[in-house]
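Listed below, chain by chain, are the residues.
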Amino acid sequence: MNLFNQKMSVDHDYIHNELHEQAIALGILPAFEYGEKSLEAPESTLSAIIEVLEGCDNNTVALLEGSPWTAEVLLEDGKSVAPAGAPLPSGYHTDIEGRFIIVAPEKLPIDTDSSQFGFMSQIYALRSSESWGIGDFVDLKNFVAGVDADFVLINPIHATRLYPKPQDSPYYPSSRKFINPLYIRPEIEGCVKPSNDTELLDRASVWTVKEAALYEQFKSFDVSLLDDFIAAGGEELANFAAFQAGHSKFRDMTFHVYLQYLADKQFKDVESEGKLIADLAVGVCPTGIDVASHPDAFVHSFGIGAPPDFYNQHGQTWGMPPLNPGYMRKTGYKYFREIIQGALHGASGLRIDHIIGMFRMWWVPEGAKATEGAYVLYDHDIIFNILILEAMRADAIIIGEDLGIVPDFIEAYLDERNILGTDLMWYRHGYFLNLRNKALVSATTHDMPPSLGFMHGEHIRVRSELGLLDTSVDSEFEELNRENGYLIDELKFTGDLSADYDDDFDVIVAMYRGTVERRSMFVCLPIADAVGQVETQNQPGTVDIYPNWRVPLRDRHGKNILLDDLFANPEYIKITNAINAVR
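Criteria and cut-off values
- The residue numbering used here restarts from 1 in each chain and proceeds along that chain's sequence as written.
- Per-residue local features of the predicted model are confined to residues with pLDDT of at least 70, and side-chain atom pairs are confined, for both listing and counting, to 80 or more; whole-chain, interface and lining totals are unaffected and use all residues.
- No hydrogens and no water enter the side-chain calculation; it runs on all heavy atoms of the structure.
- Numbering of helices and strands runs from the N terminus, with a helix taken as a DSSP run of H or I at least four residues long and a strand as a DSSP run of E at least two residues long.
- A radius of gyration in this sense is built from C-alpha atoms; the matching globule rule multiplies 2.2 Å by the number of residues raised to 0.38.
- Throughout, exposure labels follow a simple rule: accessible area from a 1.4 Å probe, protein chains only, divided by the maximum for the residue type, with under 20% read as buried, over 50% as exposed, and the rest as partly exposed.
- Any two residues whose heavy atoms approach within 4.5 Å at even a single point are treated as in contact.
- Computed by Shrake-Rupley with a 1.4 Å probe, the accessible areas treat only the displayed protein chains as cover when residues are assessed.
- Whether two strands pair depends on DSSP finding at least two bridges between them.
- Two aromatic rings, drawn from Phe, Tyr or Trp (for Trp, its six-membered ring), form a pair once their centres lie within 6.5 Å of each other, and the interplanar angle then sorts them: stacked below 30 degrees, edge-to-face above 60, tilted otherwise.
- Note: the arc covers the axis-to-C-beta directions of the helix.
- In protein, a polar contact means a hydrogen-donor-capable atom and an acceptor-capable atom, both N or O and within 3.5 Å, with residues adjacent in sequence counting only if both atoms are side-chain atoms; elsewhere, any N or O pair within 3.5 Å suffices.
- To get an axis, a line is fitted to the C-alpha atoms, and for a helix only the part in contact is used. The angle between two axes follows their N-to-C directions and goes from 0 to 180 degrees.
- The set of buried Ala, Val, Leu, Ile, Met, Phe, Trp, Tyr and Cys residues whose side-chain atoms join them within 4.5 Å is what this entry labels a nonpolar core.
- Put simply, a salt bridge is a Lys or Arg side-chain nitrogen that is within 4 Å of an Asp or Glu carboxyl oxygen.

### Details of the overall build of the chain
Each helix and strand counted, the chain has 19 helices and 22 strands in total. Here the chain has a C-alpha radius of gyration of 24 Å; the compact-globule value for 583 residues is 25 Å, and the two agree. Overall, the C-alpha framework of the chain stretches about 65 × 65 × 45 Å when taken along its three principal axes. Sorting the 583 residues of the chain into buried and exposed places 58% on the buried side. The contacts of the chain with a sequence gap of at least 6 include a subset with a gap of at least 24, amounting to 70%. Just so you have it, the chain exposes about 23400 Å², and 50% of that area is on carbon and sulfur atoms.

### A short note on the sheet that holds strand 17 (residues 360–365)
If you trace the five strands from one edge of the open sheet to the other, you get 1-18-17-14-15, paired in antiparallel fashion. Looking along the sheet, the strands with just one partner apiece sit at the ends: strand 1 (28–29) and strand 15 (316–317).

### Quick word on the packing of aromatic side chains
Counted by the stated rule, this structure contains 28 aromatic pairs. Between Tyr171 and Trp549 the ring centres are 5.3 Å apart and the planes differ by 40°, which places this aromatic pair in the tilted class. Taken together, the positions of Tyr171 in the loop between strand 11 (158–159) and strand 12 (175–179) and Trp549 in the loop between helix 17 (527–530) and helix 18 (563–566) put the pair 378 residues apart, joining distant regions of the chain. For the pair Tyr171 and Trp549, a shared accessibility class is recorded, and that class is buried. An aromatic cluster of three or more residues is present, and its members are Tyr215, Phe218, Phe221, Phe229, Phe250, Phe255, Tyr258 and Tyr261.

### With respect to helix 1 (residues 18–25)
Looking at helix 1, one finds that the buried residues are Leu19, His20, Ala23 and Ile24. Within helix 1, the buried residues cover an arc of 135° as seen down the axis, which keeps them to one side. In helix 1, those exposed residues whose orientation departs by more than 90 degrees from the buried face are Glu18 and Ala25. Taking the backbone nitrogen of Leu19 as reference, a side-chain oxygen 3.0 Å away marks Asn17 as the first, capping residue of helix 1. Residue Gly27 follows helix 1 closely and has a positive phi angle near 85°.

### Observations concerning the sheet that holds strand 22 (residues 522–526)
Note on sheets: strands pair through backbone hydrogen bonds, and any given pair is parallel or antiparallel. Read from one edge of the open sheet, eight strands run 19-16-13-10-9-22-21-20, paired in parallel fashion. If you trace the sheet from one side to the other, it starts and ends with strand 19 (397–400) and strand 20 (421–424), each paired once. Mean inter-strand twist for the sheet, computed between neighbouring axes without regard to direction, equals 25°. Here five bridges tie strand 9 (residues 116–121) to strand 22, and the two strands are oriented parallel to one another. Each bridged residue has a counterpart across the sheet, and for Gln116 the counterpart in strand 22 is Phe522.

### Some points on the nonpolar core
When a protein is soluble and globular, its nonpolar side chains tend to lie buried together. In terms of nonpolar packing, the biggest core is built from 86 residues, with Phe137, Leu140, Phe143 and Leu566 touching the most fellow members. Residue contacts for Phe143: discarding those within four places in its chain leaves Phe119, Ser121, Leu126, Val152, Ile527, Leu563, Leu566 and Phe567. Grouped together as the second largest cluster of nonpolar side chains are 72 residues, Leu53, Val284, Val376 and Phe384 included.

### Considering the pattern of salt bridges
One pass over the full model with this rule turns up 35 salt bridges. The salt bridge partner of Glu338 is Lys177, with a shortest N-O separation of 2.5 Å. Note that Glu338 is positioned in helix 9 (residues 334–344) and Lys177 in strand 12, a separation of 161 residues in sequence. A residue is classified by how much of its surface remains accessible, and Glu338, at 21% relative accessible area, is partly exposed. What makes Lys177 buried here is its relative accessible area of 16%. The salt bridge involving Asp415 is made with Lys438; its shortest N-O contact spans 3.9 Å. Of this pair, Asp415 sits in helix 11 (residues 408–416) while Lys438 is found in the loop between helix 12 (431–434) and strand 21 (439–442), placing the two residues 23 residues apart along the sequence.

### What about the pairing of strand 17?
Buried residues dominate strand 17, accounting for six of its six residues. Residue alternation in strand 17 divides its side chains into two sets, Arg360, Trp362 and Val364 and Met361, Trp363 and Pro365, and both sets are buried. In the sheet, strand 14 (residues 302–306) pairs with strand 17 via four bridges, with the strands oriented antiparallel. Bridge pairing in strand 17 links Gly305 to Trp362. When strand 17 meets strand 18 (residues 374–377), the two strands line up antiparallel, connected through four bridges. By the bridge assignment for strand 18, Trp362 is matched with Tyr375.

### Looking at the environment of Leu424
By the element assignment, Leu424 lies in strand 20. A residue is classified by how much of its surface remains accessible, and Leu424, at 5% relative accessible area, is buried. In this structure, the C-alpha to C-alpha distance between Leu424 and Leu403, residues 21 residues apart in sequence, is 8.6 Å. With sequence-adjacent residues up to four places away left out, Leu424 is seen in contact with Leu403, Ser442, Ala443, Thr444, Thr445 and Met448.

### Here's the deal with the pairing of strand 21
With burial as the criterion, each face of strand 21 is covered, one bearing Ala439 and Val441 and the other bearing Leu440 and Ser442. Pairing between strand 20 and strand 21: four bridges, direction parallel. If you follow Gly421 over to strand 21, its bridge partner there is Ala439. One ladder, built from two bridges, connects strand 21 with strand 22; its direction is parallel. Each bridged residue has a counterpart across the sheet, and for Leu440 the counterpart in strand 22 is Phe522.

Set out below in structure tokens:
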């Protein structure tokens with residue numbers, strides 16, 4: 001089955017008028033169905049999106065490797081020319097009419113017979129006695145060196161806004177091209193470091209101390225050592241350093257280049273200890289350097305998000321402007337290519353948050369409710385050609401988070417091109433039989449409680465307290481108990497869980513042990529699951545009413561765990577011993 005160049009289907013039953021026809025012609029879905037419900041976009045939303053997309057020329061073409069093109073093509077090396085009709089090699093090429101021709105193999109080469117086990121770690125939550133109040137790259141290096149795993153999946157390390165105070169969410173970056181200096185471990189001695197045993201992480205106080213220490217360190221640094229780094233970073237690095245200096249009390253641009261140099265160096269040191277899978281956020285904040293440097297790449301009158309689903313019943317708005325499809329096509333997707341190149345730098349793989357957005361993105365007009373948006377289709381063949389090209393050049397894998405409302409076409413497309421999907425054990429009845437081979441398998445994500453918390457209804461308790469439920473608490477717990485029952489019965493039936501188990505953590509152990517034993521391609525154990533943590537890292541649909549991204553690593557009793565003591569944690573020992581016994 002070759003899905004290349006097949007388009008996502010549109011339900012023409014929703015064409016009610018000329019506006020709907022016009023929207024569909026431009027790749028806008030006037031309505032869609034989820035479960036037994038349907039949601040129709042307001043006409044004002046459709047009209048506003050049409051105004052953005054009308055008149056955009058398609059200046060970029062995606063082809064499979066070996067396909068011919070109708071015109072003479074200048075190949076990526078800038079010297080070789082392919083005559084019209086000749087088969088084209090993989091690469092970024094340009095034809096004599098100025099069109100961008102992006103050519104890639106149909107499939108990303110991967111070993112589908114491999115079976116790998118790894119950990120998922122939120123870097124900032126993984127503190128040690130040597131940390132500066134927040135987990136950093138040195139902590140991550142020590143963690144990677146200490147675990148028995150084939151890979152470690154980390155949260156995005158993108159540069160977030162640090163001024164006037166640091167942004168907590170790693171998924172709300174200022175730039176997806178640069179690294180967050182918060183993760184640097186200062187090397188200077190004699191400073192009073194922030195506490196590593198706080199109830200919640202306080203990035204503002206941490207950065208105040210850490211930035212001052214790093215500036216003291218910088219004053220004795222030989223800046224000539226930055227020459228090659230500055231030359232490689234070019235105009236983008238200069239713009240980033242100027243942006244940072246313009247907001248920091250330390251106005252020296254070279255200092256902010258130095259921070260990127262240190263961050264890059266320390267991150268590469270982590271990769272020397274084992275394979276890292278990086279994480280790509282779905283977008284950038286509207287007041288960050290990427291938007292300031294590339295204003296035409298974004299549509300500023302909209303924000304991206306997600307429509308209602310069974311878990312987030314009010315839908316979501318994420319406060320990030322969508323990429324402009326017309327601008328991407330006009331420029332050969334140069335900005336997007338640079339993002340992927342940067343994200344793969346120093347990593348063996350890349351997880352893409354909400355990969356559905358590379359097929360269709362939920363656009364919500366500024367100031368509107370999440371339910372008042374509409375889906376806009378993107379040129380996914382072009383996007384995935386870029387992903388495959390860059391992953392091949394980096395010898396990396398690509399993992400897509402394909403959770404939520406996912407058309408069947410998308411799962412089939414990812415499978416066809418050897419892009420791994422994501423499977424959650426909680427949501428696959430008969431999951432030992434139904435898990436995809438080409439997938440990263442875990443029990444939970446950063447948008448859900450850890451598994452022990454999920455079993456006990458932490459997500460229901462939090463959403464009820466915050467007014468995020470449209471259904472009753474009792475009905476939510478009834479459904480949860482049914483789901484828990486299905487899972488436990490299956491684990492008992494397969495022999496993975498003892499019939500007389502007496503600890504709910506045994507269920508978590510059985511889930512991961514059984515999945516590893518059945519040789520799933522990639523199994524990922526969040527470190528929060530490994531120690532039986534209960535609290536969620538992030539509650540979607542909230543900003544300030546829940547301490548998103550500020551929860552440190554804790555044991556099942558709510559006590560902070562430092563990296564120094566992690567490997568002696570009884571739950572960690574229990575689950576890793578069980579997994580290692582069947583690897």
